[in-house]
Amino acid sequence: MPINTSTASVSAWLKLLDLEESDVEIGLHMAENGKNEIQVRVTSDGEFLGTIVWNPTTFKGVMDHALRLAAMVHRLPVLMSAIAEREARLRTLRSWIHAPVKRQNPSAPTSVCLYWEDDWRILGRWVPDLIDRAGGRPVLLDPGDDDMKADPQDLSRAALDVIFLGTATAGTDPIFMTAVNKLFEEVDFSGRAYIADMSAVTETGPAMYDSVFLLAAGLNPEIEELEFKRIELTLVYPPGTD
């Protein structure tokens, strides 16, 4: 199962806030629900400022966590400026793909992200949010839902337009490719499928915004402005494509 949280994600937000490593302690602990969560203990000049448990489950939740962290270390204006710049980029993206800014387009391509680790899992939590922001229509899981094991029959019935496949890296090792080929033997699918670096969508750092562009590149192959991200995708379906 993909890692639920990552110290790298929190470290990325701290870097964005220009915090010194000596001011912050990051550790993992086991929550009551049995999931690993990140505990961020913040100090400044030796003074304890507070603790944040990093356990977001949606895109908005990630932003809320980041805002709480920034407020605790008195860097809220820095974060607000950084988020405003990234949100402006997303508005530009929505204009490229002719998608409503705040409403999902009912004719948008349906999509899921599948993660391979011994078996296929549909990524939930904030990933449906990312698909939505990329101009797609997430199916099978809603924002905030836990990841779940992928059922070939469910994938077939969903009549998906685009599938993103990957692991924590973008590698195409033989075991992974065997799993990819077997998947398409079991799933009735007539859309497009791309191999992607799934670390881009499973992390909860500022790079989440970049992952929206990555998904948009696969969901909207006709948009030339997204070519800079499309080169990070490998089209593996329909068969015979490069």
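Just above sits the structure.
Keep in mind that this is a model prediction, so the values were computed, not measured.

**Concerning the packing of helix α2 (residues 59-72) against helix α3 (residues 76-96)**
For the pair α2 and α3, the least separation of the axes is 8 Å and the interaxial angle reads 150 degrees. With respect to α3, the element α2 is oriented roughly antiparallel. Between α2 and α3, the contacting residues are Phe59, Met63, Ala66, Leu67, Ala70 and Ala71 on the first element and Leu76, Leu79, Met80, Ile83 and Glu87 on the second.

**Considerations on the side chain of Thr110**
Tracing the chain through its elements places Thr110 in strand β4 (residues 110-116). Given a relative accessible area of 6%, Thr110 falls into the buried group. Excluding its chain neighbours within four sequence positions, the residues that come into contact with Thr110 are Arg137, Val139, Ala158, Ala159, Leu160, Asp161 and Val162.

**Concerning α2**
Across its 14 residues, α2 extends 20 Å between first and last C-alpha, which sits within 8% of the 20 Å expected from 1.5 Å per residue. Among the residues making up α2, those that are buried are Phe59, Gly61, Val62, Met63, His65, Ala66, Leu69, Ala70 and Met72. Directly after α2, the chain includes His74, whose backbone phi takes a positive value near 60 degrees.

**What about the packing of aromatic side chains?**
According to the stated counting rule, one finds nine aromatic pairs in the structure shown. For the ring pair Trp116 and Trp120, a centre distance of 5.3 Å and an interplane angle of 55 degrees mean the geometry is tilted. Here the aromatic cluster, defined as three or more aromatic residues joined through ring pairs, consists of Trp96, Phe213 and Phe228. Above the ring of Phe213, the side-chain terminus of Arg89 is found at 4.7 Å from the ring centroid. For Arg133, the ring lying beneath its charged end belongs to Phe59, and the centroid distance is 4.1 Å.

**Digging into the pattern of salt bridges**
Taken as a whole and assessed by the stated rule, the structure comprises eight salt bridges. Residues Lys60 and Asp64 are paired through a salt bridge, measuring 3.0 Å at the closest nitrogen-oxygen approach. With Lys60 and Asp64 both in helix α2 and four residues apart, this pair spans about one turn of that helix. Classification of Lys60 as exposed rests on a relative accessible area of 56%. Judged by its relative accessible area of 29%, Asp64 falls in the partly exposed class. Where Lys229 meets Glu232, a salt bridge forms, and the shortest distance between an N and an O atom there is 3.3 Å. On the basis of relative accessible area, Glu232 is assigned to the partly exposed category, the value being 42%.

Calculation rules
- Residues numbered from 1 in each chain as written.
- Predicted model: local features only at pLDDT ≥ 70, side-chain atom pairs only at ≥ 80, totals over all residues.
- Heavy atoms only, no water.
- Axes fitted to C-alpha atoms, helices over the stretch in contact; angles between N-to-C directions.
- Helix = DSSP H or I, 4+ residues; strand = E, 2+ residues; numbered from the N terminus.
- Parallel < 35°, antiparallel > 145°, perpendicular 65-115°, else oblique.
- Contact = heavy atoms within 4.5 Å.
- Buried < 20%, exposed > 50% of the residue type's maximum accessible area, 1.4 Å probe, protein only.
- Expected span 1.5 Å × (residues − 1).
- Phe/Tyr/Trp six-rings, centres within 6.5 Å; stacked < 30°, edge-to-face > 60°.
- Lys NZ or Arg CZ within 6 Å of the ring centre and 35° of its normal.
- Salt bridge = Lys/Arg side-chain N within 4 Å of Asp/Glu carboxyl O.

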